[in-house]
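Each chain, letter by letter, is given below.
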Amino acid sequence: MFAIEDINGMKVTVMGLGLNGGGLASAIFFARHGADVTVTDMKDANFLRVSLDSLKEFPDIKIVLGRHEISDFENADMVIKNPGVKREGNIFLAAAKKIETDISIFLQLTKAPIIAVTGSKGKSSTVSALHYGFKALGYESFLGGNITVSPLTFWDKVTETTPVVLELSSFQLNDLRGCDFFKPCITIVTPIVADHQNWYENMEAYVADKKVIYKNQAAGDFTICNADQTQGIEFARETNATVGFYSARKKCLTNCTSLFPNAPRVYFTDEGNGVVNNAGEETLLLPAETRVLSFPLKQNVLNAAFALYRYGAKAEAIADVMKNYPGLEHRLEFFHETGTLRFYDDTTATVPEAAAAALNAFPSDTFSRPIWIAGGTDKNLNFEQLGIEAKKASAIFLLEGNATELLIAELKKNNVPFFGTFDSLERLLMEVKSYTEAQASPKPQKKIPIVLSPAAASFGLFKNEFDRGNQFKAAVKKIF
């Protein structure tokens, strides 16, 4: 632990400037508080131009690009590590005296109550809904973490009564192992599926990092677990916090009810209302009619409403504001319409299960079967089930990538036709346009969803998944 006054005169090396906020925020934070800052990144200036432009007002920051120099690590009092950099076998990190991250620095310097969210699917939607709910209910809330906002950008604006919502990836949680100052008052663990298996030795190692989120919680804290997964029951058994559960349906809660009979739980009624059941009494938290479209998104909003309820907000007020949550950019985001065509950006669906959820998101009474755009870089994931779910698409257009090759094998196994592969979104969308024009009917039609839900990482054709989503939206508006 250290105080803000300790930073003045420190030699700090920021490892990884990047484009997603953490490295840039760290460099600016330490420079403003009197540290001697070095920024080092393996990428070149062209790739990092946006972040570098933001550092122009700090001419004393030393910038090393295209390489790392061991002396910058040996001579530093502290190294701020990018969460995407592995410690094991890294000669530069091995030379560091002290290793921190922007998250760990923030947690050491703040007394704000932390509401932390992790999982494989639905993290960003959940934290976004939580932050939306807090603000709509009159709280001065802040949102940061893996959602590309570093909490160092608002550390001086929070107090002991300011709720801070943090989205935390498995990488960020790995960096918080052994940090007893990380003690969220409320945690939510969204559904766990295989992810980042190109990074982790096995699924057990991946799940072990997720568990860090509740390791330091105590009886006065609250852990919200998934009753529909064995991992959720496992987490509930392990945490020292009071436990709550979420599930898609009341009937799915039998197991956790018998193991944790007094645990409050949220679920959807047969009428579609999201309720919290506390001691046998159901209280409405989310009406059936909401602005979000898919069921997984509604579950995320209900889980956020549960956290707000546990934080102390009134159920009636929660239900009134959460029904209006509009959703989050890049998460099955409706952004363009022309004729019967409706376009959705779901670029953050980087695992097969998330893409399958998108294919099942559109109600058949108002939508035809979706036109699906997928493909990208592999993370050592299994595409077998997605090959079956793909039959729900009316047409499939594929971007190139090694994950695409795995998906193609499953599509062929299930006799599912597809178009591609394409080496650019514009070329792909021109083919989509030709396809929709050929299919056009003079008779009234249902709305036709065209959804980018890649089921894979973005690297290769794009800088990251957000760049992929932004390019998709720009190309759609240009071509359609």
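Before reading on, note that the structure itself is shown above.
This report concerns the structure included in the present document. (Residues numbered from 1 in each chain as written. Predicted model: local features only at pLDDT ≥ 70, side-chain atom pairs only at ≥ 80, totals over all residues. Heavy atoms only, no water.)

## Some thoughts on the pattern of salt bridges
Counted only if it meets this: We define a salt bridge as a contact between a side-chain nitrogen of Lys or Arg and a carboxyl oxygen of Asp or Glu at a distance within 4 Å. Exposure classes here rest on a 1.4 Å probe applied to the protein chains alone. A residue is buried below 20% of its type maximum, exposed above 50%, and partly exposed in between.
This model, assessed by the stated rule, comprises 23 salt bridges. The salt bridge partner of Lys135 is Glu140, with a shortest N-O separation of 3.7 Å. A relative accessible area of 39% places Lys135 in the partly exposed class. Linked by salt bridges that have partners in common, Glu329, Glu333, Asp345 and Lys473 make up one network.

## Here we look at helix H8 (residues 203–210)
Counted only if it meets this: Strands here mean DSSP runs of E at least two residues long; helices mean DSSP runs of H or I at least four residues long; both are numbered from the N terminus. Note that the arc is defined by the directions from the helix axis to the C-beta atoms. In this description, contact between two residues means that some pair of their heavy atoms is separated by no more than 4.5 Å. For this analysis, a polar contact is any N or O atom pair within 3.5 Å, provided that within protein one partner can donate a hydrogen and the other can accept it, and provided that sequence-adjacent residues contribute only side-chain to side-chain pairs.
The set of residues buried in H8 consists of Tyr206, Val207, Asp209 and Lys210. For H8, the angular spread of the buried residues around the axis is 155 degrees, confining them to a single face. Contacts from the buried residues of H8 go to strand S6 (114–118), helix H6 (123–136), helix H7 (170–174) and helix H9 (230–238). Measuring from the side-chain oxygen of the N-cap residue of H8 to the backbone nitrogen of Glu204 gives 3.2 Å; that N-cap residue is Asn202.

## What about the pairing of strand S10 (residues 222–226)?
Applicable threshold: A strand pair is defined by DSSP finding two or more bridges across the two strands. If you view a crossover with the strands going away from you and the path from the first strand over the helix to the second runs clockwise, you call it right-handed.
Across the 5 residues of S10, 5 count as buried, placing the element largely inside the fold. On S10, burial covers both faces: Phe222, Ile224 and Asn226 on one face and Thr223 and Cys225 on the other are all buried. Alignment of strand S9 (residues 186–189) against S10, held across 3 bridges, turns out to be parallel. The partner of Ile188 across the bridge, within S10, is Ile224. Of the pairings in the sheet, the one linking S10 to strand S11 (residues 242–249) comprises 5 bridges and is parallel in character. By the bridge assignment for S11, Thr223 is matched with Val243. Each parallel crossover has a hand, and the one from S10 via H9 to S11 is right-handed.

## Details of the packing of H6 against helix H11 (residues 295–311)
Our working definition: Each axis is a line fitted through C-alpha atoms, taken for helices only over the stretch in contact, and angles between the N-to-C directions span 0 to 180 degrees. An angle below 35 degrees is read as roughly parallel, one above 145 as roughly antiparallel, one from 65 to 115 as roughly perpendicular, and any other as oblique. Here a crossing is called left-handed whenever its near helix is offset anticlockwise from the far helix by less than a right angle, and right-handed whenever the offset is clockwise. Here the nonpolar group is Ala, Val, Leu, Ile, Met, Phe, Trp, Tyr, Cys and Pro; Asp, Glu, Lys and Arg are the charged ones; every other residue, Gly included, is treated as polar.
Two elements in contact, H6 and H11, have axes separated by 8 Å at closest approach and are oriented at 45 degrees. Comparing the axis directions of H6 and H11 gives the class oblique. For the pair H6 and H11, the sense of crossing is right-handed. Listed contacts from H11 to Ser125, Thr126, Ala129, Leu130, Gly133 and Phe134 of H6 are Leu297, Asn300, Val301, Ala304, Ala307, Leu308 and Tyr311. Looking at the contact of H6 with H11 residue by residue, the classes come out as 9 nonpolar, 4 polar and no charged.

## Section: helix H16 (residues 425–439)
The criterion, for reference: Working rule for helices: expected span equals 1.5 Å times residues minus one.
With 15 residues, H16 should cover 21 Å at 1.5 Å per step; its first-to-last C-alpha distance of 21 Å lies within 8% of that length. Every buried residue of H16 is accounted for by Leu425, Leu428, Leu429, Val432, Tyr435 and Thr436. In a view along the axis of H16, the buried residues occupy a sector of 115 degrees, so they form one face of it. Facing away from the buried side of H16 by more than 90 degrees, the exposed set consists of Glu437 and Ala438.

## Examining the sheet that holds strand S19 (residues 419–422)
The 6 strands lie next to each other as S15-S16-S20-S17-S18-S19, forming an open sheet whose pairing is mixed. Edge positions in the open sheet fall to strand S15 (333–338) and S19, since each of these has one partner strand only. Shown here is a sheet whose adjacent strand axes are inclined to one another by a mean of 15 degrees, direction ignored. Sitting on the sheet, helix H15 (residues 402–413) is in contact with strand S17 (371–374), strand S18 (395–399) and S19, with an inclination near 155 degrees to S18.

## A word on the side chain of Ser51
Along the chain, the position of Ser51 falls in helix H2 (residues 49–54). If sequence neighbours within four positions are ignored, Ser51 has contacts with Leu17, Gly18, Leu19 and Leu24.

## Looking at the sheet that holds strand S12 (residues 265–268)
Strand order in the open sheet made by the 9 strands is S7-S8-S6-S9-S10-S11-S12-S13-S14, with mixed pairing throughout. Here the strands that pair on one side only, and so sit at the sheet edges, are strand S7 (142–145) and strand S14 (281–286). Strand-to-strand twist of the sheet, defined as the mean angle between neighbouring strand axes without regard to direction, takes the value 20 degrees. In this sheet, S9 lies alongside S6 in parallel orientation, the contact comprising 4 bridges. If you follow Val117 over to S9, its bridge partner there is Ile188.

## Observations regarding the packing of aromatic side chains
Here is the rule we go by: By convention, a stacked pair of Phe, Tyr or Trp rings (six-membered ring in the case of Trp) has centres within 6.5 Å and planes under 30 degrees apart, an edge-to-face pair has planes over 60 apart, and any other such pair is tilted. Distance and angle both matter: a charge sits over a ring if NZ of Lys or CZ of Arg is within 6 Å of the ring centre and within 35 degrees of the ring normal.
Applying the stated rule across the entire model yields 24 aromatic pairs. Ring geometry for Phe29 and Phe30: centres 5.3 Å apart, planes at 90 degrees, overall edge-to-face. With a relative accessible area of 4%, Phe29 lands in the buried category. With a relative accessible area of 0%, Phe30 lands in the buried category. When the centroid spacing of 4.6 Å and the interplanar angle of 10 degrees are considered together, the rings of Phe397 and Phe419 count as stacked. Linking Phe397 in strand S18 with Phe419 in strand S19, this pair joins segments that are 22 residues apart in sequence. Feature note: the residues Phe334, Tyr344, Phe362 and Phe367 constitute an aromatic cluster, connected by ring pairs. Taking the ring centre of Phe334 as reference, the NZ or CZ of Arg342 above it sits at 3.8 Å. Positioned above the aromatic ring of Phe47, the side-chain terminus of Lys463 is 5.6 Å from the ring centre.

## Describing the packing of H11 against helix H12 (residues 315–322)
For the pair H11 and H12, the least separation of the axes is 10 Å and the interaxial angle reads 150 degrees. As judged from the angle between their axes, H11 and H12 are roughly antiparallel. Of the two possible hands of crossing, H11 and H12 adopt the one that is right-handed. Where H11 approaches H12, its residues Val301, Ala304, Ala305, Leu308 and Tyr309 are matched on the opposing element by Ala315, Ile318 and Met322. Its residues assigned to classes, the contact of H11 with H12 shows 8 nonpolar, no polar and no charged.

## Looking at the side chain of Arg331
This is how it is decided: Positive charge is attributed to Lys and Arg, negative charge to Asp and Glu, and no charge count is given to His or to the chain ends.
If you trace the backbone, Arg331 turns up in the loop between H12 and S15. Here Arg331 is buried and forms no salt bridge, its nearest opposite-charge partner Glu167 lying at an N-O distance of 4.9 Å. At 3.4 Å, the side chain of Arg331 and the side chain of Thr348 are in polar contact. Beyond its immediate stretch of four places on either side in the chain, Arg331 contacts Ser124, Ser125, Leu297, Asp345, Asp346, Thr348 and Phe466.

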